[in-house]
Amino acid sequence: MTTPVYDATTSPDPTMLASVVFAALNSRHARFADGEGRAVRYQDTVTPFAAIPDDASEQDWRDLAALTRRTGGVLLHRRPGPLPESWADDHRIDLHRLNAVQFSGAGFAASPEDPENPEIRELTADDIPAMTELAARTKPGPFLSRTIELGGYLGIHRDGVLAAMAGERFSAPAGDGRGWTEVSAVCTDPAFRGQGLATRLMRAVAARVRARGDEVFLHVIDTNTGAMALYERLGFSRLTTVEVTRLTPRP
């Protein structure tokens, strides 16, 4: 039987999660970083997310504009709040703003045996075409040619096709040698839904993350009430809301 191995009283401090992209790109994921000054983003073949410091200066915002224009657009992940007045118009950047709810997986049940399920296997570079095709059809969020390099991608195959997958995305330390790692790209081929494949994969990912001393978390767009309710039934709990803004440079 699958049993919880973490609870809310033993999970790491979640304070930094509202700035997790900035934290990740300045620590565990520094090798994926592209930047201008203190404005940073993941390399454009990995994932489109970008960030600036919580105490961003006028120069940081100018650097973000330069980074956005140079790389063709980003998804800015930040604590909710106003952008500098006229910043977007001054730099000829279009905005599309969304809110995402962060959930802690401290109450999500997983055990060390979950990754040993014989149906679950590690996905590799050879699986990228199938992973990309599944993500394109199910839309779990941005999935690019090098997203798999963020690590920990697992899949279940049925009838010779990739039926479901899940993996890791943002990951950053939170102190005391522990940290938070996001469960991401959770998706199931519509032909194989209703069999619990995604939940099985999430448990396997969570078990491996916890074996490293981290806890899992995830993001859900705040309009996706069905997904939020599902994750709460699985034991996830709401932490905070962050803002995700698509920045697209105008010609």
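Everything below is about the structure shown above.
Note that this is a predicted model, so its numbers are computed, not measured. (Residues numbered from 1 in each chain as written. Predicted model: local features only at pLDDT ≥ 70, side-chain atom pairs only at ≥ 80, totals over all residues. Heavy atoms only, no water.)

Details of the pattern of salt bridges
Then step 1. One pass over the structure, following the stated rule, counts 22 salt bridges.
Then step 2. E149 is paired through a salt bridge with R146; the nearest N and O atoms lie 2.9 Å apart.
Then step 3. Judged by relative accessible area, E149 falls into the partly exposed class, the value being 38%.
Then step 4. Its relative accessible area of 23% is what places R146 among the partly exposed residues. (Salt bridge = Lys/Arg side-chain N within 4 Å of Asp/Glu carboxyl O. Buried < 20%, exposed > 50% of the residue type's maximum accessible area, 1.4 Å probe, protein only.)

A word on the sheet that holds strand β8 (residues 161-175)
Then step 1. Strand order in this open sheet of 11 strands is β1-β2-β3-β4-β11-β5-β10-β9-β8-β7-β6, and the pairing throughout is mixed. In this open sheet, the two strands that pair with only one neighbour each are β1 (33-36) and β6 (120-122). The mean inter-strand angle of the sheet, taken between neighbouring strand axes irrespective of direction, is 30°.
Then step 2. Looking at chain direction, β8 and strand β9 (residues 178-188) are connected through eight bridges and run antiparallel. Counterpart to M165 in the pairing with β9 is C187.
Then step 3. Against the sheet, helix α5 (residues 197-211) touches β6, β7 (154-158), β8, β9 and β10 (215-221), its axis set at about 150° to β7. (Pairing = 2+ DSSP bridges. Helix = DSSP H or I, 4+ residues; strand = E, 2+ residues; numbered from the N terminus. Axes fitted to C-alpha atoms, helices over the stretch in contact; angles between N-to-C directions. Contact = heavy atoms within 4.5 Å.)

Focus on helix α4 (residues 128-138)
Then step 1. Among the residues of α4, I128, M131, L134, A135 and T138 are the ones counted as buried. Projected onto a plane normal to the axis of α4, the buried residues spread over an arc of 130° and lie on a single side.
Then step 2. Those residues of α4 that are buried lie in contact with β8 and β9.
Then step 3. Residue K139 follows α4 closely and has a positive phi angle near 55°. (Arc of directions from axis to C-beta.)

Some remarks on the pairing of β9
Then step 1. Within β9, 10 of the 11 residues are buried, which leaves the element mostly enclosed by the surrounding structure.
Then step 2. Hairpin remark: β8 followed by β9, antiparallel, with two residues in the connecting loop; positive phi at D176, about 60°.
Then step 3. As paired strands, β9 and β10 are joined by three bridges and run parallel to one another. From the neighbouring strand, T181 faces β10, where its bridge partner is V216.
Then step 4. Following the chain from β9 across α5 to the adjacent parallel β10, one finds a crossover that is right-handed. (Right-handed = clockwise from strand over helix to strand, strands pointing away.)

So, α5
Side chains of residues three or four places apart in an α-helix project in the same direction, reflecting 3.6 residues per turn.
Then step 1. Its 15 residues place the ends of α5 21 Å apart at the C-alpha level, agreeing with the 21 Å of an ideal helix rising 1.5 Å per residue.
Then step 2. Among the residues making up α5, those that are buried are L197, A198, L201, M202, A204, V205, A206, A207, V209 and R210.
Then step 3. Where α5 is buried, its residues meet β6, β7, β8, β9, β10 and α6 (225-233).
Then step 4. At the exit of α5 stands G213, carrying a positive phi of roughly 100°. (Expected span 1.5 Å × (residues − 1).)

A few points about the packing of aromatic side chains
Then step 1. For the structure shown, the criterion picks out seven aromatic pairs.
Then step 2. Pairing W61 with W87 gives two aromatic rings, centres 5.3 Å apart and planes at 70°, and the pair type is edge-to-face. Residue W61 is found in helix α2 (residues 58-71), and its partner W87 is found in helix α3 (residues 87-90); the two are separated by 26 residues along the sequence.
Then step 3. With relative accessibility at 5%, the residue W87 sits in the buried group.
Then step 4. Aromatic ring contacts, followed pair by pair, group Y42, F49 and F170 into a single cluster. (Phe/Tyr/Trp six-rings, centres within 6.5 Å; stacked < 30°, edge-to-face > 60°.)

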